[in-house]
Amino acid sequence: MNPKPLTIGSHTAPLPVVQGGMGVGISLSGLASAVAEEGGIGVIATAGIGMDEPDVYTNFLEANKRALQREIRKAREKTKGLIGVNILVPLSNYADMARTAIEEKVDFIFSGAALPMNLPSFLEGSTHTKLVPIVSSARAARILIRKWMDKYGYRPDALVVEGPKAGGHLGFKEEELGDPAFALEELLTPVLEEARKASPDDPIPVIAAGGIYTGEDMYRIMAMGASGVQMATRFVTTHECDAADGFKQAYLDAAPEDMVIIKSPIGLPGRAIRNKFTTAVEAGERTPVKCPYHCIVSCEVERSPYCIALALMNAAKARMQLGFAFAGANAYRAEKLASVKEVVRSLLEGYSEAWARATTGFSPAL
């Protein structure tokens, strides 16, 4: 028994899996196209996408636009599947990234780390690109839906509700991260209700994210009403992931106690894999910050103990002594490198076994 396809507007993914966007340089055209080719939705992360451009320090906006165009086009050359981009709301070049993605006719824009209140304004009549905000509560979903409907007459094409087990920057206070009241399963039902209220005859699809790692996880959360799942951490340890092998090795070497919450310079808590860099930051050590472009609106450069964009770029290139790996709560479960095809096969097998146990009490694996 395979899961139902995920339909968002006029686009349908046979595999109801969104590969979560991972910047800086972790999910680019390589990973996104591989997931799309397997029937899911591949996502290119825009955060730091132009960091390798030769003129990024002198021409920040154009360098990032050029890099995003190139990655989208490279993905399109590799697959006819569905491709999206992830754009963090606090990016100082948010508008440029949104306009560029829409001009390139990406299938989806996923946007979070704050509420993307003005995202529909960038469509300017385009109907191909579907808009999917990422929220962390029913209240946030309600506020955003009302804002979009009142100002633009546009309802979200789908919603991603992201729980506190996700990797990277998190939309929760640090004390909420371990509180059962904020578990994904507790957040999902109220967000589903907001999605139904907004459009009773045609509810907004809700995609669940944060801590989903197996096919069994997929079945459980979709049985609760989610139309699909978003997974990022599970795809890091694939051959197609765009990060260097040393970055992937950090996942393979991680133990449960290595999953830590850090205070990001942009003002949000984040989940990462502990290493010497994060330990030094925790101890109060500072890395001198010289910022030529101010990539995150909320980053207070003069108070920042390090540049998070540079730290993440260094990690993506396996220079782990100069950075760290963001990761979801289940990153330590990675055991080996595999292909995206193998990961998808494992997810479908796990989903089928969970469905069989739930409906017949019999597992085909036994």
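Only a predicted model underlies this, so the values are computations on that prediction, with no experimental measurement involved.

A cis amide bond links G23 to the next residue, V24, at an omega of -5 degrees. Inspection of the secondary structure assignment puts V24 in the loop between strand 3 (17-19) and helix 1 (29-37). The phi angle at A113 is positive, at roughly 75 degrees, despite the residue not being glycine.

Our focus in this paragraph is helix 11 (residues 340-360). The terminal C-alpha atoms of helix 11 lie 30 Å apart, and with 21 residues this matches the ideal 30 Å at 1.5 Å per residue to within 8%. Every buried residue of helix 11 is accounted for by V340, V343, V344, L347, G350, Y351, S352, A354 and A356. In this structure, the buried residues of helix 11 make contact with helix 1, helix 6 (215-223), strand 11 (228-231) and helix 7 (233-236). Where helix 11 terminates, the next one or two residues include G361, which has phi positive at roughly 80 degrees.

All chains considered together, the criterion is met by 17 salt bridges. E38 is paired through a salt bridge with K341; the nearest N and O atoms lie 3.0 Å apart. Of this pair, E38 sits in the loop between helix 1 and strand 4 (41-45) while K341 sits in helix 11, and the two are 303 residues apart along the sequence. The class of K341 is partly exposed, set by a relative accessible area of 45%. Among the salt bridges present, the one from D217 reaches R220, with a minimum N-O distance of 3.4 Å.

Evaluated as defined, the whole model comprises 10 aromatic pairs. Seen from their ring centres, F172 and F182 are 6.3 Å apart, and the 80 degrees between their planes marks the pair as edge-to-face. Pair noted here: F172 is in the loop between strand 9 (168-169) and helix 5 (184-198) and F182 is in the loop between strand 9 and helix 5, with a separation of 10 residues, a long-range link. Summarising the aromatic geometry, the rings of F247 and Y251 are spaced 5.7 Å apart at their centres and angled 35 degrees between planes, so their arrangement reads as tilted. Here Y251 and F247 lie together in helix 8 (residues 245-253), a separation of 4 residues that amounts to about one turn. Per residue, the accessibility class of F247 equals that of Y251, and both read buried. By way of ring pairs, the aromatic residues F277, Y306, F324 and F326 are connected into one cluster. Above the plane of the ring of Y213 lies R234, whose end atom (NZ or CZ) is 4.9 Å from the centre.

This paragraph deals with the side chain of T237. Relative to the helices and strands, T237 is located in the loop between helix 7 and helix 8. In this structure T237 comes out as buried when scored by relative accessible area, which is 5%. If sequence neighbours within four positions are ignored, T237 has contacts with K248, Y251, L252, A334, K336, L337 and A338.

Definitions and limits used
Residues numbered from 1 in each chain as written. Predicted model: local features only at pLDDT ≥ 70, side-chain atom pairs only at ≥ 80, totals over all residues. Heavy atoms only, no water. Helix = DSSP H or I, 4+ residues; strand = E, 2+ residues; numbered from the N terminus. Expected span 1.5 Å × (residues − 1). Buried < 20%, exposed > 50% of the residue type's maximum accessible area, 1.4 Å probe, protein only. Contact = heavy atoms within 4.5 Å. Salt bridge = Lys/Arg side-chain N within 4 Å of Asp/Glu carboxyl O. Phe/Tyr/Trp six-rings, centres within 6.5 Å; stacked < 30°, edge-to-face > 60°. Lys NZ or Arg CZ within 6 Å of the ring centre and 35° of its normal.

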